[in-house]
Amino acid sequence: MPIPEDVTGYEIDKDVQQELQSLPKGLAEDVAKNLVMVAKLIDEEPEQAYAYSRIALRLASRVAAVREAAGFAAYANQKYGEALAEFRAARRMTGSVELWPVMADCERGLGRPEKALEMAGAPEVHKLDKAGQVEMRLVAAGARRDLDQIDAAIVTLQSPELASNSVQPWTARLRYAYADALLAAGREDEAREWFAKAVESDKDGSTDASDRLAELDGVEFVDLDDVDGDDDVDEAGAGAGAGAETGVGGDVDGPDKD
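Because the structure is a prediction, the values reported are computed rather than measured.

Definitions and limits used
Residues numbered from 1 in each chain as written. Predicted model: local features only at pLDDT ≥ 70, side-chain atom pairs only at ≥ 80, totals over all residues. Heavy atoms only, no water. Helix = DSSP H or I, 4+ residues; strand = E, 2+ residues; numbered from the N terminus. Buried < 20%, exposed > 50% of the residue type's maximum accessible area, 1.4 Å probe, protein only. Contact = heavy atoms within 4.5 Å. Areas by Shrake-Rupley, 256 points an atom, 1.4 Å probe, with all protein chains shown as cover. Core = buried A, V, L, I, M, F, W, Y, C linked by side-chain atoms within 4.5 Å. Polar contact = N/O pair within 3.5 Å; in protein donor to acceptor, adjacent residues only side chain to side chain. Expected span 1.5 Å × (residues − 1). Salt bridge = Lys/Arg side-chain N within 4 Å of Asp/Glu carboxyl O. 1 Å grid on protein atoms, 1.4 Å probe; cavity = no way out; pocket = protein on both sides within 12 Å on 5 of 7 lines; lining within 4 Å. Points joined across faces, edges and corners; volume = space filled by probe spheres on them.

Novice: Tell me about the overall build of the chain, residues and numbers included.
Specialist: Along its length, the chain carries 14 helices and two strands. Buried residues in the chain amount to 40% of all 258 residues. In the chain, the share of contacts with a sequence separation of at least 24, taken over all contacts with a separation of at least 6, comes to 55%. When the accessible surface of the chain is summed, it comes to about 14,700 Å², and 45% of that surface belongs to carbon and sulfur atoms.

Novice: Any chance you could break down the nonpolar core for me, citing the residues and the numbers?
Specialist: In terms of nonpolar packing, the biggest core is built from 47 residues, with Leu 20, Val 31, Leu 35, Val 66 and Trp 100 touching the most fellow members. Listing elements by their share of this core, those giving two or more residues are helix 1 (14–20), helix 2 (25–41), helix 3 (46–59), helix 4 (64–76), helix 5 (80–94), helix 6 (100–109), helix 7 (113–120) and helix 8 (130–146). For this core, the leading source of residues is helix 2, giving eight residues. Setting aside its immediate chain neighbours within four residues, Trp 100 contacts Arg 91, Met 119, Ala 122, Glu 124, Val 125, Leu 128 and Met 136. Ranked by size, the runner-up nonpolar core spans 21 residues in total, among them Ala 153, Leu 162, Leu 182 and Ala 191.

Novice: Tell me what's going on with the side chain of Thr 207, and back it up with residues and numbers.
Specialist: Examined against the element boundaries, Thr 207 turns out to sit in the loop between helix 12 (188–201) and helix 13 (209–216). The exposure class assigned to Thr 207 is buried, which follows from its relative accessible area of 16%. Of the polar contacts made by the side chain of Thr 207, one reaches the side chain of Asp 202; its length is 2.7 Å. Within the structure, the side chain of Thr 207 is placed 3.2 Å from the backbone nitrogen of Ala 209, a separation counted as a polar contact. Ignoring sequence-local partners within four residues, the contact set of Thr 207 consists of Ala 172, Arg 173, Tyr 176 and Asp 202.

Novice: Describe in detail helix 8, supporting the description with residues and values.
Specialist: Over its 17 residues, helix 8 extends 24 Å from the first C-alpha to the last, a length consistent with the 24 Å expected when each residue adds 1.5 Å. Of all the residues in helix 8, the buried ones are Gly 132, Val 134, Met 136, Leu 138, Val 139, Ala 140, Ala 141, Gly 142, Ala 143 and Arg 145. In this structure, the buried residues of helix 8 make contact with helix 6, helix 7, helix 9 (150–157), helix 10 (160–163) and helix 11 (171–184). The first or second residue beyond helix 8 is Asp 148, which carries a positive phi of 60°.

Novice: If you had to explain the environment of Gly 71 to someone new, which residues and values would you point to?
Specialist: Summarising the element assignment, Gly 71 is placed in helix 4. You can call Gly 71 buried: its relative accessible area is 0%. Sequence spacing of Gly 71 and Leu 84 is 13 residues, and the spatial spacing of their C-alpha atoms is 6.8 Å. Excluding residues within four positions of it along the chain, Gly 71 makes contact with Ala 83, Glu 86 and Phe 87.

Novice: Describe the pattern of salt bridges, naming the residues involved and giving the relevant values.
Specialist: Counted according to the given criterion, the structure contains 16 salt bridges. The residue Arg 91 makes a salt bridge to Glu 124 at a minimum N-O spacing of 3.6 Å. Placement of the pair is Arg 91 in helix 5 and Glu 124 in the loop between helix 7 and helix 8, with a sequence separation of 33 residues. Under the relative-accessibility criterion, Arg 91 is labelled partly exposed at 23%. Glu 124 gets classed as buried once you look at its relative accessible area, which sits at 19%. Each of Arg 145, Asp 180, Arg 212 and Glu 215 takes part in one network of salt bridges that share partners.

Novice: Report on the environment of Arg 192, specifying residues and quantitative values.
Specialist: Secondary-structure assignment places Arg 192 in helix 12. Among all residues touching Arg 192, those that are not within four sequence positions of it are Leu 213, Leu 216 and Asp 217. A distance of 2.7 Å separates the side chain of Arg 192 from the side chain of Asp 217, its partner in a polar contact.

Novice: Break down helix 12 for me, citing the residues and quoting the values.
Specialist: Between its terminal C-alpha atoms helix 12 stretches 20 Å, which fits the 20 Å expected from 14 residues at 1.5 Å a residue. Residues of helix 12 that are buried make contact with helix 10, helix 11 and helix 13.

Novice: Please provide a residue-by-residue account of the layout of surface pockets, values included.
Specialist: Put simply, the largest pocket is a space of about 1,100 Å³. Lining the largest pocket are 35 residues, and of these Tyr 75, Asp 105, Glu 135, Leu 138 and Arg 173 sit closest to its centre. Looking at the lining of the largest pocket, the elements with two or more residues in it are helix 4, helix 6, helix 8, helix 9 and helix 11. Of all the elements, helix 8 adds the most residues to the lining of the largest pocket, at eight residues. By volume, the second largest pocket is sized at about 480 Å³.

See the structure below:
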């Protein structure tokens, strides 16, 4: 697959560059460029990212960073069995527990929430850093919801990290998951409070908490591009200019999100 001319391979993390030093120089450069493409595309074009990850894997399957990248590319494409195999391979190579939460989430994706909960109670969780422990808590709560154990999911998310006023990289997602679980349990007032807290902490828009909050408040957004002013506006002038941005009172069904 083509690599853009402005991709040098040096954009990747220094630790990964160091891992690739075990390869011949030309090969290391090719692998690095493919890994850069995986990172660039995985969010917006996951299928393309997956294709680049397979090239890197073919070139250097014995490099842990390559196996990890292949795992995340497969995960982004919902190829959970393949992702789990790659994550396990990377873990065997490094001995690190860093991938434990995403491995557990792969078990969820494979329809095995009980296995994910088993992993959430394993000794490996105590070796995770704070961010990893929060991720594991989110996965465990999701597994509880997979099993229709909504109250247990709510309890799982209740933690010092949730109660803290300090905003960390995981705060918005944790608050969002808690709000969503509360809403699933029919505790709408509490859910609204926590969606609002998620909005406060979501500085980079990693969740759709603002949309969910608007739905609870009965606010409906209308895309002005979908409004045909010539056909839909009557002679009295009611149309795009009157309540086009928001309308109050409609029933809005929010998206289901674990």
